[in-house]
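Here are the chains, one letter per residue:
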Amino acid sequence: MHLDLNTFFLDAPHTLPLLLALTLLATLVSTPLRGRASTIISLTFSAILSLYVLTLSLHVLATHRVVEIPLLDLGSIPSLVLVVDPLTAFFLAIVSIVGLASSIYGVGYVQRFARKEHLGWFSLNYVLFLLSMMFVVSVRDLLWFVVFWELMTFSSQFLVAFEKEKSVALRAGLKYFCVTKFGTELMIVASVVYVWCSTGSTSFEALSKILRSNNVVEYIVVTTFLALAMLIKCASVPFHSWLPDAHPEAPTPVSALLSGAMIKVPIYFLARLFLQLSKPSIVWGYTVAVLGCVTLFVGTMYALVQHDSKRLLAYHSIGQIGYVLLALGTAIALYASNQPILAFAAFTASLYHALNHAIFKSLLFLTAGSVLFRTGTRDLNVLGGLAKRMPITALCALIASLSIAGVPPFNGFASKWLIYASTMLSRSPLSLAGAVAMFVSSVTTASFVKYFVTMFAGRPRIDVSRVREVPPSMVVPQLLLASLCIALGIAPGLVARASMGIASAMDLPSYVPRTWFILDIPRYGSMIVPLLLASLISVVLPIALIIARPRLGVEPWVSGALYTSSRSMPAKSFYRDFEEVVHEPYSLGEKLGRVFFVEIPRVALERIRLLVHSFEYGYASTIILLTVCIAIGLGVMMLWS
Amino acid sequence: MELKTIAAIVTNLVFVLLYAPLLNGVERKIRARIQNRLGPPITQTFYDLAKLFRRSTVASSSLSYVLASLSFAYIIAASLAIPTIFLATFPRHSDIIYILYLVIASTVLLCLASATSSSPFAALGVSREISTVMCIELALPFLLTTIAIHVGSLSMKQLVGAPFTSTSPCVALAVALMLPLIYVESTYLPFEIAEAEPELASGIEIEFGGRILALALYTKLIKRLLLVSLLLDLAIPRYVLGWLSIPLYLALLTAMSILFAVLDTIFARYRPEQVFRWIKRYSALCMGVAILGLFAP
């Protein structure tokens, strides 16, 4: 039977709603089931849906067509229409790649929770979380945007706090909910109230009309509220404290979705907000870039001192989102200051790094999850020697580590190179931010040397004699993501071409990339061709392998003493000398953390407790205070408008 | 690619493969003469490498020889990307960040290979080596930024002889400030903390034997030559000097090697925290130059 791709995708308005309905129906029907059956049903449908959305996104990116999918017409309430333009398609691709891998992986992984937790509840929230992310980047109405944003927050916080016997997970879920809820309230004020009161509509066009009018106050209020909401959700410093608690505590497929996909959703909206809905502004460009620079520095420096595998990865998510913010901020600032070539390079860098981070970070979470699945621990101080017992997981962890470290020709290198080049060549204070980003990349490398070595090399301090490779359903998604790390590294022009289509659709200046295999910045004479390096290594490596092949394996020499696991270096000691010398970020962070997250909340909570006796727990009081503040704010705004 | 260019790239590679051990021989001779010893012949490193290559490899059973081989492959890729005897490079538009990443990748992969041996001495050496790389990266990007701002490119084609093509004195200052960093990265005393023979019994190399050890040593020697070559490429106006630049490059490369050998003999090894503290202070200077470079004409 001949399948016409064009007909298939042109029929998306019928195919996608059908798939969505089937996924939701299957999930709702299977929710009452406590066992694995519910997860198998809903995750299978999630994987199929992700695959369809991925192919649809790639089709839109290749053809630059805009696909509109009407879903609901509710009369007086704005209609729910999904609009897949190139920018949406790019972020849909991110969500669906991570969604596909996590869904396949999750089928095997949830065995950990069998008979302990209600897996139907997990499945329901998982599907709602995945769907809400897809909807958030596809709607063109602020009302629906807020609705799906809230759904995304609700479902994901239930997933973070899924393991109910773990008080750490419950606290992490609550903290995540409270902090990101605050961001949502800001967004509600800015969009639903302010935009609606001013224009009588909540569409993106209405928002754009406000932002492009000459009213500076309106522009500042709306952009500040919306940008703050986005920065909180993507865990930019100083709003990052929820992420290192929430991401590690979630079940691994959810951690992958949170770090790989969810924190890219605010990046999507920031790009749309500052590059399409409003004129690029130098002030906002610098603000986002500086926040990005601080975020990448703080996140990565703190990642270096972690020795819980998933917590280390969570801190790196903060660091890597800093890279994306730096590139996006640079693009906004350079578009505003009329440097279109470097601006487009920075814009491409932000999209490219967002995609790369989604791939290698979700892969890293899956590898950490595999180790947790088999050993039951995330403590890098006691793990070790797993490369022989879990060879495929070790290989995938190595590829992901080299990718995030920016080793050429893996995908992380190409996007980082574009970030450095676009910032350093800008001849502005952003150049210094590029230098900081380059230093931080070496810290990332160091952190992942520790991650890989302490997990897969050396000797373990726990019994791993019964540890074996994870089942094929958990290996396949890891291999899929590892292949993407290599493919996107040697063909950077693919992303550059997609970025060109996105920029054209957003009416931004761009340039045509030379080929799929070259990443370049014309007029500045800078380019890289990772494929050439890959070819060269594939020639030199076999020769070196033939030369170096070992003939005799022996026990390592330990001054003549018997080699025991207690002699291997624990993760906490790995960079102790460096941490003692470069102590300033940690001591400053500790002081600021004590003031902002201990002293001020303590005083505030004490005051609130006095006022609200019926609530024992501090966070609940905080929510009430926030709600009151927001209600007052709303009243003031409505009177003003 | 033209035949002439291919011939130039191959010549560069052969030069790097042959001259790196020879320079090490010269350094050993200089070191011996300063210590009132006769010392080995300058070709001794060739004999040492040949001996190791003839031996079969005895290594820790868990050691990854794939990672050690990858490290060598990366340094070979770096040696093709850096102009040495001739200015031709592979790829044609070689980029300074790409080059630095290749060199760092080679170091990191060797560290990973060493760590897979499970030796606690190797782990300590790896931790020190990677910490040193982090410290160097605290300073080097600021110098690169200064150069990039004024030259307007990261391509080696335009960076060759940067202080002469740019009118800003900051570029010359940035190139000059790179010298100590290259000395530190080349792991000479007092900064040689990752191998630290008396303390860590060769650290990173402790579990390497036979051919793997030969590859690791060869990688280190090539890395030293390449780092100095990179600095000389930035410092010498090679496009202007034409053929004259080749003897000048060779003379300066040998002179730097001799200087490094002399310094290596004079100093005693620092403790790790002393090394990190020294580079941290130095990076403050580099940051100052970058800020100056941003506002300087």
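The structure presented is a predicted model; accordingly, all values stated were derived computationally and were not measured.

To continue, consider the overall build of chain B. Helix and strand counts for chain B stand at 13 helices and 1 strand. Put simply, chain B runs from its N terminus to its C terminus through helices and strands in the order α-α-β-α-α-α-α-α-α-α-α-α-α-α. For 297 residues, the compact-globule estimate of 2.2 N^0.38 gives 19 Å, and chain B sits close to it at 19 Å. If one aligns the C-alpha atoms of chain B with their principal axes, the spans along those axes are about 55 × 45 × 40 Å. For chain B, with 297 residues in total, the buried portion stands at 60%. Here the contacts in chain B between residues at least 6 apart in sequence split such that 79% fall between residues at least 24 apart.

This part takes up the overall build of chain A. For chain A, the helix and strand inventory stands at 24 helices and 5 strands. If you line up chain A on its principal axes, its C-alpha atoms span 80 × 65 × 60 Å. Long-range contacts, defined as pairs at least 24 residues apart, comprise 77% of the intrachain contacts of chain A with a sequence gap of at least 6.

Counting from both sides, the interface comprises 66 residues of chain B and, opposite them, 62 residues of chain A. Only β1 (57-60), α3 (65-81), α4 (96-115), α5 (120-151), α6 (156-159), α10 (210-235) and α13 (272-295) of chain B provide two or more residues apiece to the side of chain B that touches chain A. With 16 residues, the top contributor of residues to the side of chain B that touches chain A is α5(B). Of the residues assigned to the side of chain B that touches chain A, the class counts are 41 nonpolar, 17 polar and 8 charged.

With that out of the way, let us pick up unusual backbone geometry. Residues and elements named next belong to chain A. Going from Val237 to Pro238, the amide bond is cis rather than trans, its omega being 10°. Secondary-structure assignment places Pro238 in the loop between α9 (216-233) and α10 (243-249). Cis geometry marks the peptide bond from Pro408 to Pro409; its omega dihedral reads 5°. By the secondary structure assignment, Pro409 is in the loop between α16 (391-405) and α17 (411-424). For Arg115, which is not glycine, the phi dihedral falls at a positive 70°. Following the sequence through the fold, Arg115 ends up in the loop between α4 (86-109) and α5 (119-136).

Now for the environment of A:Ser156. Residue and element names in this part refer to chain A. Along the chain, Ser156 turns up in helix α6 (residues 142-160). Judged by the 27 C-beta atoms lying within 10 Å of it, Ser156 falls in the buried class. Once residues within four sequence positions are removed from consideration, Ser156 is found in contact with Phe129, Leu258 and Met262.

All names here are of chain A. Counting residues in hydrophobic clusters, the biggest one holds 346 residues, and the most contacted among them are Ile94, Ala437 and Cys485. The leading source of residues in this core is helix α15 (residues 340-375), at 22 residues. Apart from residues lying up to four places away in sequence, Cys485 is in contact with Ile359, Phe360, Leu363, Ile399, Ala400, Ser403, Phe410 and Asn411.

So, about the packing of helix α1 (residues 3-34) of chain B against helix α12 (residues 245-266) of chain B. All names here are of chain B. Relative orientation of the contacting elements α1 and α12 amounts to 40°, with a least axis distance of 9 Å. Looking at the two axes, α1 sits oblique to α12. Note on packing geometry: the crossing formed by α1 with α12 is right-handed. Each of Leu23, Val26, Glu27, Ile30, Arg31 and Ile34 in α1 lies in contact with α12, whose residues at this interface are Thr254, Ser257, Ile258, Phe260, Ala261, Val262, Asp264 and Thr265. Classifying every residue of the contact of α1 with α12 by side-chain character gives 8 nonpolar, 3 polar and 3 charged.

Residues and elements named next belong to chain A. Given a rise of 1.5 Å per residue, 14 residues ought to cover 20 Å, and the 20 Å separating the end C-alpha atoms of helix α20 (residues 492-505) matches this to within 8%. Of all the 14 residues making up α20, 10 are buried; the element is thus mostly covered by neighbouring parts of the structure. Two residues or fewer past α20, Asp507 is found with a positive phi of approximately 60°.

Moving on, we get to the packing of α16(A) against helix α19 (residues 472-490) of chain A. The geometry of a pair of packed helices is captured by two quantities: the angle between their axes and the separation between those axes. Residues and elements named next belong to chain A. Packing of α16 against α19 brings their axes to within 10 Å, and their N-to-C directions diverge by 30°. It follows that α16 is roughly parallel to α19 by the angle criterion. Crossing angle aside, the handedness with which α16 passes α19 is left-handed. Taking contact as the criterion, the partners of Ile392, Thr393, Cys396, Ile399, Ala400 and Ser403 in α16 are, on α19, Val475, Gln478, Leu479, Ala482, Cys485 and Ile486.

Residue and element names in this part refer to chain A. Inspection of the sheet shows strand β1 (residues 67-74) paired to strand β2 (residues 77-84) by 6 bridges, in the antiparallel sense. Its bridge partner being in β2, Glu68 is matched across the sheet by Val83. Hairpin connection from β1 to β2: 2 residues lie between these consecutive antiparallel strands, with Gly75 at a positive phi of about 75°.

Summarising the model, chain A shows a mean pLDDT of 89, and 92% of its residues fall at 70 or more. Per-element confidence in chain A ranges from a low mean pLDDT of 59 for helix α1 (residues 5-10) of chain A to a high of 97 for helix α14 (residues 309-336) of chain A.

With that out of the way, let us pick up the environment of A:Leu380. Residue and element names in this part refer to chain A. Residue position: Leu380 is located in the loop between α15 and α16. With 24 C-beta atoms packed within 10 Å, Leu380 lands in the buried category. Considering only alpha carbons, one finds Leu380 and Phe452, 72 residues apart in sequence, at a separation of 9.5 Å. With sequence-adjacent residues up to four places away left out, Leu380 is seen in contact with His307, Ser309, Thr454, Met455 and Ala571.

Quick look at the environment of A:Thr348 now. Residue and element names in this part refer to chain A. Structurally, Thr348 can be placed in helix α15. Along the sequence, Thr348 and Met500 sit 152 residues apart, while their C-alpha atoms lie 7.9 Å from each other. Residues contacting Thr348, with those up to four places away along its chain left out, are Leu418, Val495, Ala496 and Ser499.

Cut-offs and rules
Residues numbered from 1 in each chain as written. Chains lettered and ligands numbered in written order. Predicted model: local features only at pLDDT ≥ 70, side-chain atom pairs only at ≥ 80, totals over all residues. Helix = DSSP H or I, 4+ residues; strand = E, 2+ residues; numbered from the N terminus. Rg over C-alpha atoms; globule rule 2.2 N^0.38 Å. Buried ≥ 20, exposed ≤ 12 C-beta atoms within 10 Å, placed from the backbone. Contact = placed C-beta atoms within 7 Å. Nonpolar A, V, L, I, M, F, W, Y, C, P; charged D, E, K, R; others polar. Core = buried A, V, L, I, M, F, W, Y, C linked by C-beta atoms within 7 Å. Axes fitted to C-alpha atoms, helices over the stretch in contact; angles between N-to-C directions. Parallel < 35°, antiparallel > 145°, perpendicular 65-115°, else oblique. Left-handed = near helix turned anticlockwise from the far one by under 90°. Expected span 1.5 Å × (residues − 1). Pairing = 2+ DSSP bridges. pLDDT = per-residue confidence, 0-100.

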